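Below, each chain spelled out in residue letters.
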Amino acid sequence: MRLPTDRGGADIEASFVLELTILVLAIFLGVEVISKVPTMLHTPLMSGTNAIHGIVIVGAIVIAGAADDTFTKVVGVVAVVLASANVVGGFVVTDRMLQMFKRREPRRESNDD
Amino acid sequence: MSRTTTDALYLVTIVTFILALRFLSSPKHARKGNWIGAAGMLLAIVVTLAQDGIGNYALIAIGMVVGGAVGLIGARRVKMTAMPQMVALFNGVGGGAAALISLDEFHRFAGGLTTVEATSTALSALIGSVSFSGSLVAFAKLQELISGRPIVFRGQQIVNALIIGTAAVLGVWIAAGGDRQGLIYGLIVAALVFGVMFVLPIGGADMPVVISLLNAFTGLAASATGFVLHNNVLIVAGALVGASGTLLTMLMGKAMNRSITNVLFGAFGQVQVGSGAARVDDGRTVRATSADDVAVMLSFARKVIIVPGYGLAVAQAQHDVRQLAELLEEKGVDVVYAIHPVAGRMPGHMNVLLAEANVPYDQLKEMDEVNPEFPQADVALVIGANDVTNPAARTDTSSPIYGMPILDVDKAASVVVMKRSMAPGFAGIDNELYLDPRTTMLFGDAKDSIVKLISAVKAS
């Protein structure tokens, strides 16, 4: 990853094609993997991918970590707050849902409520 | 930490995300997959914090604690019926974070950005902002803070076109090397307004499509941010989310037999209420029945297919339905649940609601799997579902829902429809099914009716 301090130049321009390659491959991979997710799990899929886009926290940390004036500090910290809520909430709520999906029990042991 | 090490460790994170999605192919391992993904996320966070040139640790820590706490409390407290709002909110904050990152990058480096970086900055700011404000409106609609009905006014399309046009011009300006700060502010404001304007005219019933679409947007915004920061993990993770959101959007559109353009820009204002004049009064009448009669029917059936709709969740009757199903199974009845793709307020919502009520997932059958089973079913028990059971979708070319895939409820030997009243469903049209000679109606609140059914089945 590029450091917050070094930017510009032919290097980066050249790396564009490489990044684009990664993007295109990732899209194809995503379509493959996600088309195998059963309809039953589409809500957890959505909240799970929700958690995954929380990866913007990495970007938020970079800008907050390199912030050097009030403006960049405020923007950075707000981005960190939003992204953290996204990450933690996304994974926790997905787990809550997934733990509810159970197979039929080998023959009930409880007949509560 | 060197750049190579950082990138190598990010690759590990990428692998965990892909594994998390792969494990979702079966409910058996899905939970494990989620934690693998979470571990990968944690790794990425630690790696980023350890990177050279990162300071302001106290500031970052405060942000993480505050955001994390909010996310945790929200995720723990949210009711399963409110999951669509929750997902909308997370889409929104993710998009918002992406937009802020672009704002910051532009603020610091405007003029020194390469064309690709400048373009990506503009895209990330645009998509992230639309996703942020659009998701907040979707949240407000689902949470019923504002009316769930489409909000429309004259010239709306033109106003929207002007707003997005403004955003596009500013975006191109930035991409072309414009370095005035006003450009990015203008872009973000226009995009925020557009997000609001684009979700307002979309009705509550179409929310599954909108949420899926906003999910895809946030993924794309994250990907664009990856191009700004030259960060592979952002590019890949964003692409995965984008692919998922796009697939779900298309799936929802298909399940409602509507094109995405139609959902976003179409139908509102021109939903023809087909009832009344168009209705053919051929003397067929609706037959009402009692809980006792239905109980006998169910008890002596070999196979019962339960068709739950959102009405079931509104009545909070999931647990009672599960109890009824268990009671019937004890009597030797084969019971399965037929789940239409748009049952609920987001893709797969009904499955989660039933899983929460301890319905085992092997009893939950999706449309294509269960439709061939209806002819063998003695009773189809429709609870709070309407349009997804309307045979007009198969036969009546003039019907607004013509062509929409439906559950073949009418092929069962007999049909019991549990319904509050004769009010039509979302599409605002009459349901042929109710006039079918094999159909009987059990009127009343779903929860009350099921509780009555349970005691009647116990007695029979």
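Residues numbered from 1 in each chain as written. Chains lettered and ligands numbered in written order. Predicted model: local features only at pLDDT ≥ 70, side-chain atom pairs only at ≥ 80, totals over all residues.

Of regular secondary structure, chain B possesses 17 helices and six strands. Principal-axis analysis of the C-alpha atoms places the extent of chain B at approximately 75 × 50 × 35 Å. Relative to its full complement of 460 residues, chain B shows a buried share of 54%. In chain B, the proportion of contacts linking residues at least 24 apart, taken out of those at least 6 apart, comes to 79%. (Helix = DSSP H or I, 4+ residues; strand = E, 2+ residues; numbered from the N terminus. Buried ≥ 20, exposed ≤ 12 C-beta atoms within 10 Å, placed from the backbone. Contact = placed C-beta atoms within 7 Å.)

Within chain A, the secondary structure is distributed over four helices and zero strands. Across chain A, helices and strands are ordered from the amino to the carboxyl terminus as α-α-α-α. Put simply, chain A has 113 residues, and 51% of those count as buried. At a minimum sequence separation of 6, the contacts of chain A that also span at least 24 residues come to 57%.

All names here are of chain B. Bridge count between strand β1 (residues 303–308) and strand β2 (residues 334–339): four bridges; the pairing is parallel. Paired with I305 across the two strands is V336, which belongs to β2. In this structure, β2 lies alongside strand β3 (residues 364–366), joined through three bridges in parallel fashion. Across the sheet, the residue bridging to I339 is E366, located in β3. Each parallel crossover has a hand, and the one from β2 via helix α14 (residues 349–356) to β3 is right-handed. (Pairing = 2+ DSSP bridges. Right-handed = clockwise from strand over helix to strand, strands pointing away.)

Attention now goes to the domain arrangement of chain B. Residue and element names in this part refer to chain B. By domain assignment, chain B separates into domain 1 (78–265) and domain 2 (291–459). Here the C-alpha centroids of domain 1 and domain 2 sit 37 Å apart. Taken together, the contact between domain 1 and domain 2 spans 17 residues of the former and 15 residues of the latter. Those elements that provide at least two residues to the side of domain 1 that touches domain 2 are α4 (83–109), α8 (207–229) and α9 (232–255). A breakdown of the residues in the side of domain 1 that touches domain 2 according to their chemical character gives 14 nonpolar, three polar and no charged. (Domains from an automatic or database assignment. Nonpolar A, V, L, I, M, F, W, Y, C, P; charged D, E, K, R; others polar.)

The next subject is the interface of chain B and chain A. Opposite the 103 residues of chain B that make contact, chain A presents 87 residues. Per element, the largest residue contribution to the side of chain B that touches chain A is 17 residues, and it comes from α4 of chain B. When its residues are assigned to classes, the side of chain B that touches chain A shows 56 nonpolar, 36 polar and eleven charged.

Residues and elements named next belong to chain B. Per-residue confidence for chain B gives a mean pLDDT of 90, with 95% of residues at or over 70. Contacts from residues 267–280, a stretch scored under 50 in pLDDT, to residues over four places away or in other chains number 17 contacts. Both scores are available for the predicted complex, with the pTM at 0.90 and the ipTM at 0.90. (pLDDT = per-residue confidence, 0-100.)

The end-to-end C-alpha separation of α8 of chain B is 33 Å, in line with the 33 Å expected for 23 residues at 1.5 Å each. The buried fraction of α8 of chain B is high, at 23 of 23 residues. (Expected span 1.5 Å × (residues − 1).)

With that settled, consider unusual backbone geometry. Both trends apply: most residues other than glycine have a negative phi, and most peptide bonds are in trans. All names here are of chain B. One non-glycine residue with positive phi stands out, namely Q316, at about 55°. Here Q316 shows up in the loop between α12 (310–314) and α13 (318–330). Backbone geometry at N358 places phi at a positive 65°, although glycine is not the residue there. We classify N358 as partly exposed; it has 17 C-beta atoms within 10 Å.

Right, let's talk about the sheet that holds strand β6 (residues 439–443) of chain B for a bit. Strand pairing in a sheet takes place through backbone hydrogen bonds and is either antiparallel or parallel in direction. Residue and element names in this part refer to chain B. With parallel pairing, the six strands of this open sheet are ordered in space as β3-β2-β1-β4-β5-β6. Two strands lie at the open edges of the sheet, namely β3 and β6, each paired on one side alone. Within the sheet, the average angular offset between the axes of one strand and its neighbour, ignoring direction, is 25°. Bridge analysis of β1 against strand β4 (residues 379–383) gives five bridges, and the strand direction is parallel. The residue bridging I305 from the neighbouring strand is A380, located in β4. Relative to the sheet, α13 contacts β1, β2 and β4, its axis offset from that of β1 by approximately 175°. (Axes fitted to C-alpha atoms, helices over the stretch in contact; angles between N-to-C directions.)

Another aspect to go through is helix α7 (residues 181–199) of chain B. All names here are of chain B. Look at α7: 28 Å from first C-alpha to last across 19 residues, which is about the 27 Å you get at 1.5 Å a residue. All of the buried residues along α7 are I184, L187, I188, A190, A191, L192, F194, G195, M197, F198 and V199. Packed against the buried residues of α7 are α4, α5 (115–142), α6 (156–175) and α8.

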